[in-house]
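Notes for the structure review
Read off the chains here:
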Amino acid sequence: MSLRASWKGRIKVARLRFAVALYGATAAPSRLSFNQLHSGCGARLRQQMACPEHGPVERAEIAKGYEYEPKRYVVLDEADFESIAIETDKTIAIDQFVPSRSIDALRLDTPYYVTPDGPLAEEPYVLLREALRRSRAAGIGRVTLFGREHAVALAAHGPGMLLTTLRAGEELRSAEPYFAAIPATVTNKTGLGLALQLIAGRMAEAPDLDGFQDRYQDALLALIRRKIDGAPAAVVQHDDDEPALALHEALLASIGEQQPETSGNCERPKRAKRRN
């Protein structure tokens, strides 16, 4: 498989500098795509850019403009964009380090694999990776990617490093309006104990996402095949059709589903003796 870098530049931490390359760590999932059709004749519709005064225009005639006043624009061409030069255009500038666990999951955006770019970069790359791993830290800095400067987090990842763009404050909504009316304390102690037991019975070391399959896409494809063959749509029974249980009964039933079958009498585990 040919690896194509999304970005090349360097990492700068104080006076430590070395060349790196970024590769997208995620891939777009394969999804069914639909065309827009004219419902009357079934012909595929086409979208075309048009000027209200001169009609349809070609792609070469399209310019980028910023509206600074109503119906007044300043036009920018490629030379204007290329004239913008800041340090992070070709540099991942790391300014500080924080514990990796301190980064809010809401901040995490797009991940990139980071590799050394050339033999001279390998030694400083490995040293920084190992220092991040042993200190359980992430480097916080910034870099310009695809026409926008991003805050980023740099952390060890296996034998390499992972760079993740971070969402700025203006991109996050405050949780307060959504959670304000939710009680902060639990009054149903028995229910809490059952809920903790439910979680403990289904606890795993790590999430198993490798086998995840988009069942909606599978069902949609099956529906399309049935319509091509002229067969009727299948009737699906949802979980909502099952009788509703009271909270206590639902918890007990859920715990019962995860208990292994046993024969004979079951003894409760003995409590450890309290040390004085």
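All values derive from a computational prediction rather than experimental measurement. (Residues numbered from 1 in each chain as written. Predicted model: local features only at pLDDT ≥ 70, side-chain atom pairs only at ≥ 80, totals over all residues. Heavy atoms only, no water.)

**Notes on the overall build of the protein chain**
As a reminder of what qualifies: The helix and strand labels rest on DSSP assignments: H or I over at least four residues marks a helix, E over at least two residues marks a strand, and numbering proceeds from the N terminus. Relative accessibility decides the category of a residue: with a 1.4 Å probe and only protein chains considered, values under 20% of the type maximum give buried, values over 50% give exposed, and everything between is partly exposed. Residues count as neighbours in contact if any of their non-hydrogen atoms are within 4.5 Å of one another. Calculation of accessible area relied on Shrake-Rupley with a 1.4 Å probe; when residues are assessed, cover is drawn exclusively from the protein chains displayed.
Across its full length, the protein chain carries 6 helices and 11 strands. Across the 276 residues of the protein chain, 18% fall into the buried class. Expressed as a percentage of contacts within the protein chain between residues at least 6 apart in sequence, the contacts between residues at least 24 apart total 63%. Accessible area of the protein chain: about 23500 Å², with a carbon and sulfur share of 53%.

**Observations regarding the nonpolar core**
Definition in use: Only buried Ala, Val, Leu, Ile, Met, Phe, Trp, Tyr and Cys residues count toward a nonpolar core, and they belong to the same one when joined by side-chain atoms within 4.5 Å.
Of all hydrophobic cores here, the largest spans 20 residues; its most connected members are Ile 11, Ile 92, Val 114, Leu 154 and Met 161. At the level of elements, strand S1 (7–13), strand S2 (16–24), strand S7 (91–99), strand S8 (108–116), helix H2 (119–135), strand S9 (137–145), strand S10 (148–157) and strand S11 (160–166) are the ones that each hand at least two residues to this core. By residue number, the principal contributor to this core is H2, which donates 4 residues. Excluding anything up to four places from it in sequence, Val 114 contacts Ile 11, Val 20, Ala 21, Leu 22, Tyr 125, Leu 154, Met 161, Leu 162 and Leu 163.

**Considering the confidence of the model for the protein chain**
Just so we agree on the cut-off: Confidence scores per residue from the predictor, reported as pLDDT, run from 0 to 100.
In this model, the protein chain carries a mean pLDDT of 86, and residues with pLDDT of at least 70 account for 88%. Low pLDDT, under 50, characterises residues 261–276; the predicted model gives this stretch 0 contacts beyond four residues in sequence or across chains.

**Side note on the packing of aromatic side chains**
To be explicit about the condition: Aromatic contacts are taken between Phe, Tyr and Trp rings whose centres are within 6.5 Å, Trp giving its six-membered ring; a plane angle under 30 degrees counts as stacked, one over 60 as edge-to-face, and the others as tilted.
All told, the structure shown has 1 aromatic pair when counted by the stated rule. Seen from their ring centres, Phe 18 and Tyr 125 are 6.4 Å apart, and the 80° between their planes marks the pair as edge-to-face. A residue pair is termed long-range when its members are at least 10 positions apart, and Phe 18 in strand S2 and Tyr 125 in helix H2 qualify at 107 residues. Classification of Phe 18 as buried rests on a relative accessible area of 4%.

**Regarding the side chain of Thr 165**
Residue placement: Thr 165 occurs in strand S11. Given a relative accessible area of 2%, Thr 165 falls into the buried group. Discounting chain neighbours no more than four positions away, the residues touching Thr 165 are Arg 107, Leu 108, Asp 109, Thr 110, Tyr 112, Leu 145, His 150, Ala 151 and Val 152.

**Points about the pairing of S1**
Formally: Each pair of strands is called paired provided DSSP finds at least two bridges between the two strands.
When you tally the buried positions in S1, you get 5 out of 7 residues, the bulk of the element. Pairing between S1 and S2: 7 bridges, direction antiparallel. Residue pairing in the sheet places Trp 7 in a bridge with Leu 22 of S2. If you look at the hairpin formed by S1 and S2, you'll find 2 residues sitting between the two strands, and Ala 14 has a positive phi there, around 55°. Here S1 runs beside S7; their pairing, made up of 4 bridges, is parallel. Note that in S7 the partner of Lys 12 across the bridge is Ala 93.

**Re the pairing of S8**
Summarising the sheet, S2 and S8 pair through 5 bridges and their orientation is antiparallel. Of the residues in S8, the one forming a bridge with Ala 21 is Thr 115. Of the strand pairs in this sheet, S8 and S11 are connected by 5 bridges, and their pairing is antiparallel. Along S11, the bridge assignment pairs Leu 108 with Leu 166.

**Describing the sheet that holds S11**
Short version of the rule: Angular values range over 0 to 180 degrees, each being the angle between N-to-C directions of two axes fitted as lines to C-alpha atoms, with helices fitted over their stretch in contact.
Ordered by their spatial adjacency, 7 strands build a closed barrel running S1-S2-S8-S11-S10-S9-S7, and the pairing between neighbours is mixed. The average undirected angle you get between the axes of adjacent strands in this sheet is 40°. Running at roughly 80° to S2, H2 makes contact with S1, S2, S7, S8, S9, S10 and S11 of the sheet.

**A short note on a nonpolar patch on the surface**
Applicable threshold: What goes into a patch is any residue over 30% in relative accessible area without a salt bridge, connected to like charges within 9 Å or, for nonpolar side chains (Val, Leu, Ile, Met, Phe, Trp, Tyr), within 5 Å. Salt bridges, as used here, are contacts in which a Lys or Arg side-chain nitrogen is within 4 Å of a carboxyl oxygen on Asp or Glu.
Together, Tyr 66, Tyr 68, Val 74, Leu 76, Phe 81, Ile 84 and Ile 86 make up a nonpolar patch on the protein surface, roughly 670 Å² of accessible area in all. Elements with a contribution of two residues or more to the nonpolar patch: strand S5 (64–69) and strand S6 (72–76). Positionally, Ile 86 belongs in the loop between helix H1 (78–82) and S7.

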